[in-house]
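# Examination of the molecular architecture
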Amino acid sequence: MLQVANIIAEKERFIKGLEKRGIADAEALLNEVIALDDDRKKTQQQLDTNLSEANSISKQIGALMKEGKRGEAEVVKSRTAELKTLNKSLGEQLNDFQERLKQALYNIPNIPHDSVPVGKTDEDNEEIERVGDFPQLADNAQPHWDLIKKYDIIDFELGIKITGAGFPVYKGKGARLQRALVNFFLDEAVAAGYAEVQPPIVVNEASGYGTGQLPDKEGQMYHIGSENMYLIPTAEVPITNLYRDVILTEDALPVRHAGFTPCFRREAGSWGAHVRGLNRLHQFDKVEIVQIRKPEESYDALQEMCDHVSRILTKLELPFRKLRLCSGDLGFTSVLTFDYEVYSAAQEKWLEVSSVSNFETFQANRLKLRYKDENKKSVLLHTLNGSALALPRIMAAILENNQTEGGIKIPEVLIPYTGFDLID
RNA sequence: AGAGGCGUGGCAGAGUGGUCGAAUGCGGUGGUCUUGAAAACCAUUGUACCGCGAGGUACCGGGGGUUCGAAUCCCUCCGCCUCUGCCA
């Protein structure tokens, strides 16, 4: 969430930033925050003064009791009774202001980067790079949902039987290819300097708030009612929350982590006729990369992460494009996001396979993730993350783009991982 | 899951109603000494909020309560340990 001090100091910039996201009453929203913070401060000042007085009276009483002057002590007590009533109500007011301030801040998104183009939907995203050539497929080329049946490598019906729609079962060479991709992605990430972690895939409420999925995306996560926990929608949540309530020393930076997890998304309301096969699932596998950086380094880190995604897509020989998300498509917590889409040739569609974002201090502020600078001051860090990569759509593109009469060719880099070079 | 025990500063570990933000040791930082290092000695060493400042307030797992006053007593939640049960 945003920092109140920054809102006060740079109000105009924040208003413009929120308006860029299409929030009409941005100024009113920020004024409310500032007013609540002001109320909070005033209430706290009054409360602190009263507490100070009550503390000193208590000490007096202690001293009097020790000297055996019970009568005098009783006299002084009358004032403390007064203060007690007063402070109880001040304390309630303070809690109320703090709670309202928190709620207000939870519901305000991050301020977009200057380079973020203004736009409403994904159609307004800015294409900034295109790499690789479209494959020339035969006239009878098939989309992946037909190919998986033809070669019996992914079974949606079985998934429906044991769970429901959007939970496919990978079989045989399909399962092996899936595992090959996971291992390839992890090896690439480790080689690029990311320390591998294997986090829990169920998280508590505090973690959900830490990275901003709560309260914003509550309805998109699977909730385990009996435990009040959530199935993770991305490894970003557990990995970034590793650093919740942490003050890092400078020599621990930069932090780079990579982790493989299944991801779970309810995708409520986002299903449609255009969504078929592997294009959108409730459960899918993903390797995620996360960085924690000093503020002045975070945009270099963002570039570094983008380069990493480009590199592995190139190695997989998949045609892809890089997009700068417009203000309307930008995630709630993000300042700047680049999406990567691969071209899936039989559907003739671009499929999003990665999203790389810099959140600056938005998550760190909630997480209380800081480091001690050279002056021993606590400074909020910047958090970043990116998919490297999400599996199903990569799988879809490989199946479609590499189909031949004789079967589906496995990209060179994956053959050591699959142990075969053809799905037939 | 049941019974019992426990949760204190970076770590270890005192503290069971007042002067305790908290002894002591270790670790960290600065200094003295030394050619340098070690040892020794001295000093310093949590976080957040409010305040121009002096300073004030809060925090001893989280929340609530009793009391003039709570690390200390009570309730509750969370976590950890031991034993019993179950189990990959």
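Residues numbered from 1 in each chain as written. Chains lettered and ligands numbered in written order. Predicted model: local features only at pLDDT ≥ 70, side-chain atom pairs only at ≥ 80, totals over all residues. Heavy atoms only, no water.

By the criterion of burial, strand S9 (residues 255-264) is predominantly enclosed, with eight of the ten residues buried. Pairing analysis gives three bridges linking strand S4 (residues 195-197) to S9, with the strands arranged parallel. Residue pairing across strands places glutamate 196 opposite alanine 258, the latter belonging to S9. (Buried < 20%, exposed > 50% of the residue type's maximum accessible area, 1.4 Å probe, protein only. Helix = DSSP H or I, 4+ residues; strand = E, 2+ residues; numbered from the N terminus. Pairing = 2+ DSSP bridges.)

Before going further, it helps to examine the protein's contact with RNA strand B. In the vicinity of RNA strand B, 19 residues are found, and the nearest of them are Arg40, Gln44, Ser58, Lys66 and Lys372. At the protein interface, 68% of the atoms of RNA strand B within 4 Å belong to sugar or phosphate. A distance of 2.9 Å separates a sugar or linking oxygen of RNA strand B from a polar side-chain atom of glutamine 45. Asparagine 55 places a side-chain nitrogen or oxygen 3.3 Å from a phosphate oxygen of RNA strand B. Broken down by element, the residue count for the surface near RNA strand B peaks at 13 residues, all from helix H3 (residues 26-67). In terms of residue class, the surface near RNA strand B is built from three nonpolar, eight polar and eight charged. (Near = heavy atom within 4 Å. Polar contact = N/O pair within 3.5 Å; in protein donor to acceptor, adjacent residues only side chain to side chain. Nonpolar A, V, L, I, M, F, W, Y, C, P; charged D, E, K, R; others polar.)

Let's shift gears to the nonpolar core. Judged by nonpolar contacts, the single largest core of 57 residues is most densely connected at Phe185 and Ile394. With residues near it in sequence (within four places) discarded, isoleucine 394 still touches Leu181, Phe185, Leu313, Leu316, Leu318, Val342, Val353 and Leu389. With 20 residues, the next largest nonpolar core counts Leu18, Leu30, Phe97 and Ala104 among its residues. (Core = buried A, V, L, I, M, F, W, Y, C linked by side-chain atoms within 4.5 Å. Contact = heavy atoms within 4.5 Å.)

Two aromatic rings are characterised by how far apart their centres lie and by the angle between their planes. Counted by the stated rule, this structure contains nine aromatic pairs. For the pair tyrosine 106 and tyrosine 209, a centre-to-centre distance of 5.1 Å together with 35° between the ring planes defines the contact as tilted. You can see tyrosine 106 sitting in helix H4 (residues 70-106) and its partner tyrosine 209 sitting in helix H8 (residues 205-211), a full 103 residues away along the chain. Under the relative-accessibility criterion, tyrosine 106 is labelled buried at 11%. Judged by centre distance (6.3 Å) and plane angle (55°), the ring pair of phenylalanine 167 and tyrosine 222 falls under tilted. Taken together, the positions of phenylalanine 167 in the loop between helix H6 (156-162) and strand S3 (169-170) and tyrosine 222 in the loop between H8 and strand S6 (223-224) put the pair 55 residues apart, joining distant regions of the chain. Relative accessible area serves as the criterion here: at 16%, phenylalanine 167 is assigned to the buried category. Looking at tyrosine 222, the relative accessible area reads 22%, which means it is partly exposed. (Phe/Tyr/Trp six-rings, centres within 6.5 Å; stacked < 30°, edge-to-face > 60°.)

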